[in-house]
Amino acid sequence: MTLHTAHDLGFQEARHAGFVSRYLETLALVERLHRLLLDVIKDEFERIGQFEVNPVQALLLFNVGENEVTAGELRSRGYYQGSNVSYNLKKLVALGFMHHERSEIDRRSVRVRLTPKGQEVRRVMTRLFATHARGIEERALLDYDGIDSISGALRRVERYWADQIRYIY
């Protein structure tokens with residue numbers, strides 16, 4: 001091995017170590033952003049006096065939207081950001097935010113959709129997110145190309161992680 005090649009290997013190793021460090025910083029940032037989003041939602045719901053749903057449940061209602069879905073579909077579509085979808089669905093049904101109905105085809109499967117009360121929570125979330133988007137845009141924190149670039153990068157990482165689950169194990 002020549003000195004030049006050894007130098008190149010050292011450079012590549014240092015570059016890789018730097019990439020790993022930035023990757024770990026990015027993972028921590030994504031985690032912090034998610035927790036911060038939940039805090040922002042909590043604050044908004046406290047501000048308007050809505051104490052029946054927690055932020056995770058509010059996101060679930062937002063993501064269900066106009067659809068009628070099963071718990072499995074919520075998980076597989078990536079709509080649910082929590083560890084216990086069944087618990088939260090049962091709670092939301094009991095509180096009157098969701099309607100549930102057994103599938104005629106598979107009696108084990110339950111389909112859920114928003115009630116008018118759930119649709120109101122979704123409207124609050126929609127307004128909140130629109131206000132955030134407007135503020136980010138007005139303050140020039142991100143423009144259309146910037147948000148598009150971030151979304152594209154995160155989608156690529158999502159695909160990579162999904163492939164790791166599908167093909168590695």
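What counts and what doesn't
Residues numbered from 1 in each chain as written. Predicted model: local features only at pLDDT ≥ 70, side-chain atom pairs only at ≥ 80, totals over all residues. Heavy atoms only, no water. Phe/Tyr/Trp six-rings, centres within 6.5 Å; stacked < 30°, edge-to-face > 60°. Helix = DSSP H or I, 4+ residues; strand = E, 2+ residues; numbered from the N terminus. Lys NZ or Arg CZ within 6 Å of the ring centre and 35° of its normal. Pairing = 2+ DSSP bridges. Buried < 20%, exposed > 50% of the residue type's maximum accessible area, 1.4 Å probe, protein only. Core = buried A, V, L, I, M, F, W, Y, C linked by side-chain atoms within 4.5 Å. Axes fitted to C-alpha atoms, helices over the stretch in contact; angles between N-to-C directions. Parallel < 35°, antiparallel > 145°, perpendicular 65-115°, else oblique. Contact = heavy atoms within 4.5 Å. Nonpolar A, V, L, I, M, F, W, Y, C, P; charged D, E, K, R; others polar.

Caption draft 1: Focus on the packing of aromatic side chains. Taken as a whole and judged by the stated rule, the model has 1 aromatic pair. An angle of 90° between the planes, with centres 5.0 Å apart, marks the rings of Phe-62 and Phe-129 as edge-to-face. Here Phe-129 lies in helix H5 (residues 116-138) and Phe-62 lies in helix H2 (residues 55-64), a separation of 67 residues in the sequence. The ring of Phe-97 has Lys-117 lying over it, and the distance from NZ or CZ to the ring centre is 4.6 Å. The cationic tip of Arg-122 hangs over the ring face of Phe-62; the distance from NZ or CZ to the ring centre is 5.2 Å.

Caption draft 2: Molecular detail of the pairing of strand E3 (residues 110-114). Of the strand pairs in this sheet, strand E1 (residues 69-70) and E3 are connected by 2 bridges, and their pairing is antiparallel. The partner of Thr-70 across the bridge, within E3, is Arg-111. By the bridge criterion, 5 bridges tie strand E2 (residues 98-102) to E3 in an arrangement that is antiparallel. Paired with Arg-102 across the two strands is Val-110, which belongs to E3.

Caption draft 3: Inspection of unusual backbone geometry at higher detail. Positive phi outside glycine occurs at Ala-140, with the angle close to 55°. For Ala-140, a relative accessible area of 64% translates into the label exposed.

Caption draft 4: Structural view of the nonpolar core. Judged by nonpolar contacts, the single largest core of 25 residues is most densely connected at Phe-45, Leu-60, Leu-61, Leu-89, Met-98 and Met-125. At the level of secondary structure, the elements contributing two or more residues to this core comprise helix H1 (3-47), H2, helix H3 (71-76), helix H4 (85-94), E3 and H5. Element by element, the count of residues in this core is highest for H2, at 7 residues.

Caption draft 5: Examining the packing of H2 against H5 more closely. Direction vectors running N to C along H2 and H5 enclose 95°, while the axes themselves pass 8 Å from each other. The orientation of H2 with respect to H5, classified from their angle, is roughly perpendicular. Only Gly-118, Val-121, Arg-122, Met-125, Thr-126 and Phe-129 of H5 make contact with H2, whose side of the interface consists of Ala-58, Leu-59, Leu-61 and Phe-62. Grouping the constituent residues of the contact of H2 with H5 by class yields 7 nonpolar, 2 polar and 1 charged.

Caption draft 6: Summary view of the sheet that holds E3. If you walk across this open sheet you meet the 3 strands as E1-E3-E2, and the pairing is antiparallel. Of all strands in the sheet, those bounded by a partner on one side alone are E1 and E2.

Purely geometric numbers; function is a separate question.
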